[in-house]
Amino acid sequence: RIEACRTSLLPGILKTLRENRSMKLPLRLFEVGDVVLKDPSREVGARNRRKMAAVFASTHAGFEIIKALLDHLVTVLGRKGEVTLDPHACQDDAFFPGRRANVVLGSKTVGVIGWIHPKVLKNFSVGSMPSSALELDLEEFI
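Residues numbered from 1 in each chain as written. Predicted model: local features only at pLDDT ≥ 70, side-chain atom pairs only at ≥ 80, totals over all residues. Heavy atoms only, no water.

Overview of the overall build of the protein chain
At step 1: A count of helices and strands for the protein chain gives 3 helices and 6 strands.
At step 2: Sequence-ordered secondary structure for the protein chain, helices as α and strands as β, is α-β-β-α-β-β-β-α-β.
At step 3: A globule of 142 residues ought to have a C-alpha radius of gyration of about 14 Å, and the protein chain, at 15 Å, matches this closely.
At step 4: Taking the principal axes of its C-alpha atoms as reference, the protein chain extends roughly 45 × 45 × 25 Å.
At step 5: Scored against the burial criterion, the 142 residues of the protein chain give a buried share of 40%.
At step 6: Positive and negative charge centroids in the protein chain, built from 21 and 16 side chains respectively, lie 5 Å apart. (Helix = DSSP H or I, 4+ residues; strand = E, 2+ residues; numbered from the N terminus. Rg over C-alpha atoms; globule rule 2.2 N^0.38 Å. Buried < 20%, exposed > 50% of the residue type's maximum accessible area, 1.4 Å probe, protein only. Lys, Arg positive; Asp, Glu negative; His and termini not counted. Charge placed at Lys NZ, Arg CZ, Asp CG, Glu CD.)

Next comes the structure, spelled out in C-alpha cells:
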C-alpha cells in the first residue's frame, strides 16, 4: 500500500495525459481534488486545499484555450475583473520560462498557468506533445 500526499494536481494530470497520448488530438483533461500543504500553525503540520488542474495538449500548446478556461472559471465564480496574470513573478519550473504566469486574485497568488516545459513532458513520458496547463486554488474563490 502506498501512502503519499499530493502537493499539486499537475503530476497526476500529466500521468493521465501520458496514458491517453495515443488518443485523437486535441486532449482536454481536468481534475478537481485536494492537495496537502505544509502549515506549521496546524497541530498536524499540514492542511488540505481544494484545487483544480486542467491541461490542453495538441499539435500546438494552445495557451489561448487554457487562458479562456481560466477566464470562464473566474466569471462563473463571480470574480471577473479581479484576476490578473503576473509572468514576472512566476518561478514554477514545470512551465516554460517566458510562457508562464502566476494567477493573482487581488494581491494573492492563487495558481499558475502556462506552457508545460518540454523537459517535464519528457520526464512524464508524454513525448513531444505541446501542452498548456492551469492549476488553481479553488478555495480562494469561495
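Picking up where we left off.
Some words on the sheet that holds strand β4 (residues 95-105)
At step 1: Strand order in this open sheet of 6 strands is β1-β2-β6-β5-β4-β3, and the pairing throughout is antiparallel. Of all strands in the sheet, those with a lone pairing partner are β1 (27-38) and β3 (83-86), marking the two edges. Neighbour-to-neighbour, the strand axes of this sheet turn through a mean angle of 20°, independent of strand direction.
At step 2: Pairing between strand β2 (residues 46-57) and strand β6 (residues 131-137): 7 bridges, direction antiparallel. Its bridge partner lying in β6, A57 is registered against S131. (Pairing = 2+ DSSP bridges. Axes fitted to C-alpha atoms, helices over the stretch in contact; angles between N-to-C directions.)

Regarding unusual backbone geometry
Comment: phi is negative for the bulk of residues other than glycine, and the bulk of peptide bonds are trans.
At step 1: The omega angle of the peptide bond from L25 to P26 is 0°, so this bond is cis rather than trans.
At step 2: Here S125, not a glycine, exhibits a phi torsion of approximately 60°, which is positive.
At step 3: Under the relative-accessibility criterion, S125 is labelled partly exposed at 42%.

Here we look at the pattern of salt bridges
At step 1: Evaluation of the coordinates by the stated rule reveals 12 salt bridges.
At step 2: For R49, the salt bridge goes to E139, with nearest N and O atoms at 3.5 Å. Here the residue R49 occupies a position in strand β2, and E139 occupies one in the segment after β6, the gap between them amounting to 90 residues.
At step 3: Exposure remark for R49: the relative accessible area of 13% places this residue in the buried category. (Salt bridge = Lys/Arg side-chain N within 4 Å of Asp/Glu carboxyl O.)

These figures capture arrangement, not role.
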